[in-house]
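Commentary on secondary and tertiary structure
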Amino acid sequence: REEGWHCAPPLDVLDNENFNLLNPQFVAIVLGLILEGRFALIHLGPPCSSFSRALNRFWSHALRSNEFPAGLPDLPEYKQEKVELGNALALVALRLMQAQAKVGHAWQLEQPASSLMVHLDEFFAFLSKAGTFHAIAWICWWGAPWAKPTSVYSNRDNILALHKSCPGCLSHIRLEGIAPDGRNWTAVAGPYWPPFASDWAKCWASLLDVAASRKFS
């Protein structure tokens, strides 16, 4: 919004119980709006918790692996439920990206750089298509005290402006354990780092100009 975009509200059931992306009727409405060409750009950041390396590196907690990104075989029921929820939300995000691509408009997907989500068969096939761009943004480049390499995929090359490596930091806060305020470090580092978010919005300035010209033409 600070860069002049007219933004729809985030589609997150935690913000509004009606915005349930596991409700097929609601998803059909969203897909309909996308296929009408209503959105110049859609941003997708499906929950990564069950896909994260931080969780899956410990065998006692693991839900997935490189070999089984859709879920390890023979999981106990409580773990299988987490896997199925993560898979369902990931596939909804994929359907929304596919619809946006179908009408020729821009989409972007954000995940931790090591997320196993992008190794799901359908995801991998979609993101491997010609015309898909991938940037890895080390958030410490924007002054964050943690590295947090973050992948951004898009069907536009605007996001390549975010492809930044660590500038040579002497150290990074490890996103493990509990922070001094009592929260997990992963929760502290969860929100987008403000200078990174600002540059991310600015990288889409050219698309904003195109969207504005279409609106008033």
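What comes next concerns the included structure.

Reading guide: rules and limits
- Residues numbered from 1 in each chain as written.
- Predicted model: local features only at pLDDT ≥ 70, side-chain atom pairs only at ≥ 80, totals over all residues.
- Heavy atoms only, no water.
- Helix = DSSP H or I, 4+ residues; strand = E, 2+ residues; numbered from the N terminus.
- Expected span 1.5 Å × (residues − 1).
- Buried < 20%, exposed > 50% of the residue type's maximum accessible area, 1.4 Å probe, protein only.
- Arc of directions from axis to C-beta.
- Contact = heavy atoms within 4.5 Å.
- Polar contact = N/O pair within 3.5 Å; in protein donor to acceptor, adjacent residues only side chain to side chain.
- Core = buried A, V, L, I, M, F, W, Y, C linked by side-chain atoms within 4.5 Å.
- Phe/Tyr/Trp six-rings, centres within 6.5 Å; stacked < 30°, edge-to-face > 60°.
- Salt bridge = Lys/Arg side-chain N within 4 Å of Asp/Glu carboxyl O.
- Axes fitted to C-alpha atoms, helices over the stretch in contact; angles between N-to-C directions.
- Parallel < 35°, antiparallel > 145°, perpendicular 65-115°, else oblique.
- Left-handed = near helix turned anticlockwise from the far one by under 90°.

**A word on helix α1 (residues 24-35)**
For α1, which comprises 12 residues, the first-to-last C-alpha distance of 16 Å matches the rise-based estimate of 16 Å (1.5 Å per residue) to within 8%. Looking only at α1, the buried set comprises F26, V27, V30 and I34. Along the long axis of α1, the arc covered by the buried residues comes to 100°, so they all point the same way. In α1, the exposed positions that point more than 90 degrees away from the buried face belong to P24, Q25 and I29. Packing partners of the buried residues in α1 comprise β1 (41-44) and α3 (77-102). Residue N23 occupies the N-cap position of α1, its side-chain oxygen lying 2.9 Å from the main-chain nitrogen of Q25.

**As for the nonpolar core**
L44, L96, M97, W107, L109, F123 and L127 are the most contacted members of the largest nonpolar core, which totals 26 residues. Mapped onto this core, the elements with two or more residues apiece are α1, β1, α3, β2 (106-112) and α4 (121-127). Among the elements that line this core, the one with the most residues is α3, at seven residues. The contacts of L44, once residues within four sequence positions are left out, are A93, L96, M97, W107, Q108, L109 and E110. In terms of nonpolar packing, the next biggest core, distinct from the first, is built from 21 residues, A106, W185, A189 and L207 among them.

**Some thoughts on unusual backbone geometry**
With the exception of glycine, the majority of residues adopt a negative phi angle, and the majority of peptide bonds are in the trans configuration. Its identity is not glycine, yet D74 carries a phi of approximately 60°, on the positive side. Within the secondary structure layout, D74 lies in the loop between α2 (53-56) and α3. Of note, K148 is a non-glycine position whose phi angle comes to about 45°, a positive value. Along the polypeptide, K148 turns up in the loop between β3 (133-137) and β4 (150-154). Note on K148: relative accessible area 25%, which makes it partly exposed.

**A word on the packing of aromatic side chains**
Within this structure, the stated rule accounts for nine aromatic pairs. Measuring from centroid to centroid gives 5.2 Å for W107 and F126, while their planes differ by 40°, and the two rings are tilted. Of the two residues, W107 is situated in strand β2 and F126 in helix α4; the sequence distance between them amounts to 19 residues. Assessed through its relative accessible area of 7%, F126 is described here as buried. For the ring pair W142 and F196, a centre distance of 4.9 Å and an interplane angle of 65° mean the geometry is edge-to-face. Here W142, found in the loop between β3 and β4, pairs with F196, found in helix α6 (residues 194-202); they are 54 residues apart in sequence, far enough to count as distant.

**Quick look at the pattern of salt bridges**
Applying the stated criterion across every chain, the model contains five salt bridges. The salt bridge partner of R38 is E36, with a shortest N-O separation of 2.9 Å. The class of R38 is exposed, set by a relative accessible area of 54%. A single network of salt bridges, built from pairs that share partners, joins R57, R174 and E176.

**Things to note about α3**
Between the first and last C-alpha of α3 there are 37 Å, a value that for 26 residues agrees with the 38 Å anticipated at 1.5 Å per step. Of all the positions in α3, only K79, V83, G86, N87, A90, V92, A93, L94, L96, M97, A99 and Q100 are classed as buried. Downstream of α3 by a residue or two, G104 has a phi angle that is positive, lying close to 80°.

**Re the environment of L91**
Locating L91 in the fold gives a position in helix α3. Judged by relative accessible area, which is 29%, L91 ranks as partly exposed.

**A word on the packing of α1 against α3**
Relative to each other, α1 and α3 sit at 20°, their axes nearing to 8 Å. Considering the angle they form, α1 stands roughly parallel to α3. Here α1 runs over α3; the crossing is right-handed. Facing V27, V30, L31, I34 and L35 of α1, the residues of α3 in contact are V92, R95, L96, A99, Q100 and K102.

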